[in-house]
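Here's the letter readout for the chains.
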Amino acid sequence: KPKPKPTKLRRATSPVVGSVNKALTNLAGDTVISINPDKIDPSPFRDRFQADADAEKKLEELMISLKEEGQKIAVLVRPHPSDEGRFQLAYGHRRTAALRALHAEAETPENFHVRAYVRNLTDAELLKEQSVENAVRENLSWIEMAVWAKQLKAAGIKNRAMAPVLGVPESGVSRMLSVADKVPVEIIHAIGRAKGIGYRPWLALADLFQDAKTDKRIRSILDTDGFKDADSESRLAMAMTAAKDRKSTRLNSSHVRTS
């Protein structure tokens, strides 16, 4: 009997990996220059919420690595569109933040300039480049990605193009946009990253905004000490309670019938 022909295996390529490879190919023709970190401003598009303890710990670890080994991978910046002599980041935010801190405390600050590719980018192009960095980061929370998706949509990027960048199906992009469109961004940022929380609680909160009073109820607790002192997961629960116009989960539980 003739031996069966070996099956040819087709190597699957992740869209995210493809985006990263394309970005690296584009960088190949750029020149790396050294920039004082004080001349580099963050991207005008906010993808990361206020740093939490975990983010601060990782930044300290990165500072130690950069101090001992130097900067191995250059960041990407564009010339600042309105402030001559300054730059805006497309990606490399953590590296730049770490080098800025090292630069501020060093006796020889010139040793901690930022190695950067400089490229003229439109806002839409900057968003796409910034998305490549987000795609390979594993520590963005669900709600951070949802807010990022809304910014991508505002820049004219379609759901289908967002899906591989965010690492979710198109239905997942639609879910993110649904929450980001219904819950005011000020309330989202006040609640915070909610790192361990997936989409279901956020969808439940978004549904509560069908009631016109929900916005006012939640905003009434944002400046309270109890809300500010809580972690983001607890703040999300407190926002849900306020949205439903309940006094507190503790009070509610004390009135549960025992019969």
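Residues numbered from 1 in each chain as written. Predicted model: local features only at pLDDT ≥ 70, side-chain atom pairs only at ≥ 80, totals over all residues. Heavy atoms only, no water.

**Concerning the nonpolar core**
Here is a general trend for soluble globular proteins: nonpolar side chains tend to be buried in one another's company.
Okay, step 1: Among the nonpolar cores identified, the biggest contains 45 residues, and L166, W202 and L205 are the most heavily contacted of them.
Okay, step 2: Elements represented by at least two residues in this core include exactly strand 4 (87-91), helix 4 (123-135), helix 5 (142-154), helix 6 (159-166), helix 7 (170-182), helix 8 (185-191), helix 9 (199-208) and helix 12 (232-243).
Okay, step 3: The leading source of residues in this core is helix 5, at eight residues.
Okay, step 4: Residues in contact with L166, not counting those within four places in the same chain, are M145, W148, A149, V173 and M176.
Okay, step 5: I35, M63, V77 and V114 belong to the second largest nonpolar core, which has 15 residues in total. (Core = buried A, V, L, I, M, F, W, Y, C linked by side-chain atoms within 4.5 Å. Buried < 20%, exposed > 50% of the residue type's maximum accessible area, 1.4 Å probe, protein only. Helix = DSSP H or I, 4+ residues; strand = E, 2+ residues; numbered from the N terminus. Contact = heavy atoms within 4.5 Å.)

**Looking at the packing of aromatic side chains**
The description of an aromatic ring pair rests on the distance of the ring centres and on the angle between the ring planes.
Okay, step 1: Summed over all chains, the structure comprises one aromatic pair.
Okay, step 2: For the pair W142 and Y199, a centre-to-centre distance of 6.4 Å together with 45 degrees between the ring planes defines the contact as tilted. Separated by 57 residues along the polypeptide, W142 in helix 5 and Y199 in helix 9 bring together distant segments of the chain.
Okay, step 3: According to the relative accessible area criterion, Y199 is partly exposed, its value standing at 25%.
Okay, step 4: Residue placement shows R175 over the ring face of Y199; its charged tip is 4.1 Å from the ring centre.
Okay, step 5: Directly above the ring of F227 sits R235, whose terminal nitrogen or CZ lies 5.9 Å from the centroid. (Phe/Tyr/Trp six-rings, centres within 6.5 Å; stacked < 30°, edge-to-face > 60°. Lys NZ or Arg CZ within 6 Å of the ring centre and 35° of its normal.)

**Points about helix 3 (residues 93-105)**
Okay, step 1: Along its 13 residues, helix 3 runs 19 Å from first to last C-alpha, staying within 8% of the 18 Å computed at 1.5 Å per residue.
Okay, step 2: Along helix 3, the residues that are buried comprise H93, R95, T96, A98, L99, L102 and H103. (Expected span 1.5 Å × (residues − 1).)

**Things to note about the confidence of the model for the protein**
Okay, step 1: Confidence in the prediction of the protein, expressed as mean pLDDT, is 81, and 76% of residues score 70 or more.
Okay, step 2: Considering only residues more than four positions removed or in separate chains, one finds that residues 4-25, a stretch of pLDDT under 50, has eleven contacts.
Okay, step 3: This stretch, residues 247-259, has a pLDDT under 50; its non-local contacts, to residues over four places away or in other chains, come to three contacts. (pLDDT = per-residue confidence, 0-100.)

**Concerning the side chain of R193**
Okay, step 1: Within the element layout of this structure, R193 appears in the loop between helix 8 and helix 9.
Okay, step 2: When its relative accessible area of 5% is taken as the criterion, R193 is described as buried.
Okay, step 3: A distance of 3.1 Å separates the side chain of R193 from the side chain of E144, its partner in a polar contact. (Polar contact = N/O pair within 3.5 Å; in protein donor to acceptor, adjacent residues only side chain to side chain.)

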